[in-house]
Amino acid sequence: MAEPAEQQTLSGWGRRTRSVSRVCEVAPDAVGAHILQGPARGVLARGLGRSYGDAAQNAGGMVVRLDAGAIELDLATRQVTTSAGTSLAELAAALLARGTYLAVSPGTLHVTVGGAIASDVHGKNHHRGGSFADHVVGMELVGGDGRPTWLTPADELFWATCGGMGLTGVITRATLRVIVVESAWVLARSERADDIEATYGLLREADRTAEYSVAWLDLTAAGSALGRSVVHSGRHARAAELAGAASRARWRPVGASRLTVPAGLPAPLISPATTRLFNEAWFRKAPASPRTHLQHLQGFFYPLDAVGEWNRAYGRRGFLQYQFVVPDEATDVVTSIVGELVATRRGSFLNVLKRLGPGNAGHLSFPRPGWTLAVDLPGGSDLGQLLRRWDALILSAGGRVYLTKDGRLSPEMFRAMYPRWQEFEQVREATGARGRFVSDLARRLKLEG
């Protein structure tokens, strides 16, 4: 028998999309029973709720959360197997203790393995390492018949599931390739770029020379300083390169958040004034001349994880994160959007530009070679027209919007940006997933079955 479900109001990390679902905490072996007994509005798996929009909600339906599981590392093959409900924080801690690490990691560890596959997350090394799915050896998927199937990259259903936003079934277990590291530290390089063209140049150079790279953009700087940034790049530090505190704490684990933004703030902490102050301080904090230094991997990969519930800083209206990718030659699109963000004073403290490499065989794969920009936009009723204009501009350049961050894309724009959507739907139809696995995102994009 399936465990009792509890009615809960769920939202994305941006706190703008809300709906009520029946939520169950489920052991991986019990998923099939929940699927077969699920309501008419379908079933959806949810991880830690870090998709920003409506991807992990199912209004009027059932949402299942999987338990974490044992982590089994095989050092000989450099592969790890665990439950889809295991968080990347739990997995990273276990791997680091054995001298290994995630081959691809997003900007937060507060994501489950299943969620990372369903969103096919990418990190600061996509130009070299690809996305999360490129390192999945195999996974167990419970389909519409309630039965588990082991999938590998040789299966079309595997690639429909990677980046498939949970709409092909419930991932219960996965085996991943990991990398060997010599410490918990990164040999990092920080460098200021005085304008957008300098930012493009430094990122192109990092693309050729660095394992990881990303630029933080100051979207309050105008005029000749438009698009100024701090470019961070680096690689895992070798044992022989450690010194000082890093040498004394070679395997220092990833820690918990040091601060937590309280609930129910009377006013948002994020405003044009505080954003400008933060951006100026962050830019000035970076060294005026390029500097290479040892940095713990937590600070390099996951700076925002130091602040718990940071999404509350935007207040009750929440925020929207908009992330897109355009081809290499479309820097004019990026520059245009950066200019409009500055002119309309919509810049936030989290504005990330980086390079992407080729996508994979996923039907709904987001990456393509080029530039990806992610920006946080405080909630407001006037965003719709602006974002629709950006959608059209990005589409005309051959780009697309990232579904994991999205909460408002139209069905027509989705189909134009993701031309393999019909293949995706054919796989869902053939496997009995259509109408069985449903989300608010699927209904909005007309993928509800």
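Residues numbered from 1 in each chain as written. Predicted model: local features only at pLDDT ≥ 70, side-chain atom pairs only at ≥ 80, totals over all residues. Heavy atoms only, no water.

A. Spatial organisation of the overall build of the chain. Each helix and strand in the chain was counted, giving 14 helices and 20 strands. In terms of overall size, the chain behaves like a compact globule, its C-alpha atoms giving a radius of gyration of 21 Å where 449 residues would be expected to give roughly 22 Å. Referenced to the eigenvectors of the C-alpha coordinate spread, the extents of the chain come out at roughly 60 × 50 × 45 Å. In the chain, which comprises 449 residues, the share counted as buried stands at 57%. Taking the intrachain contacts of the chain between residues at least 6 apart in sequence as the baseline, contacts between residues at least 24 apart amount to 73%. Accessible area of the chain: about 17800 Å², with a carbon and sulfur share of 53%. Positive and negative side-chain charges of the chain, numbering 51 and 42 respectively, have mean locations separated by a distance of 5 Å. (Helix = DSSP H or I, 4+ residues; strand = E, 2+ residues; numbered from the N terminus. Rg over C-alpha atoms; globule rule 2.2 N^0.38 Å. Buried < 20%, exposed > 50% of the residue type's maximum accessible area, 1.4 Å probe, protein only. Contact = heavy atoms within 4.5 Å. Areas by Shrake-Rupley, 256 points an atom, 1.4 Å probe, with all protein chains shown as cover. Lys, Arg positive; Asp, Glu negative; His and termini not counted. Charge placed at Lys NZ, Arg CZ, Asp CG, Glu CD.)

B. Spatial organisation of the environment of Gly107. Mapped onto the elements, Gly107 comes out in the loop between strand E7 (100–102) and helix H3 (113–118). Take Gly107: its relative accessible area is 44%, and that puts it in the partly exposed class. For the pair Gly107 and Leu304, spaced 197 residues apart in sequence, the C-alpha separation works out to 8.0 Å. Those residues in contact with Gly107 that lie beyond four places of it in its chain are Phe301, Tyr302 and Asp305.

C. Molecular detail of the sheet that holds strand E3 (residues 43–45). Here 4 strands make up an open sheet; going across it, the order is E1-E2-E4-E3 and the pairing mixed. Both edges of this open sheet fall to strand E1 (6–11) and E3, since each of them pairs with a single strand only. Within this sheet the neighbouring strands show an average axis-to-axis angle of 45°, counted without direction. As defined by bridge partners, E3 adjoins strand E4 (residues 62–66) across 3 bridges and the pair is classed as parallel. What sits directly across from Val43, in E4, is Met62. (Pairing = 2+ DSSP bridges. Axes fitted to C-alpha atoms, helices over the stretch in contact; angles between N-to-C directions.)

D. Structural detail: the pattern of salt bridges. A complete count under the given rule lists 21 salt bridges for this structure. With its nearest N and O atoms 2.6 Å apart, the salt bridge here joins Glu241 to Arg235. By relative accessible area, Glu241 is classed as partly exposed at 27%. A relative accessible area of 24% places Arg235 in the partly exposed class. (Salt bridge = Lys/Arg side-chain N within 4 Å of Asp/Glu carboxyl O.)

None of the figures reported here should be taken as evidence of function without further support.
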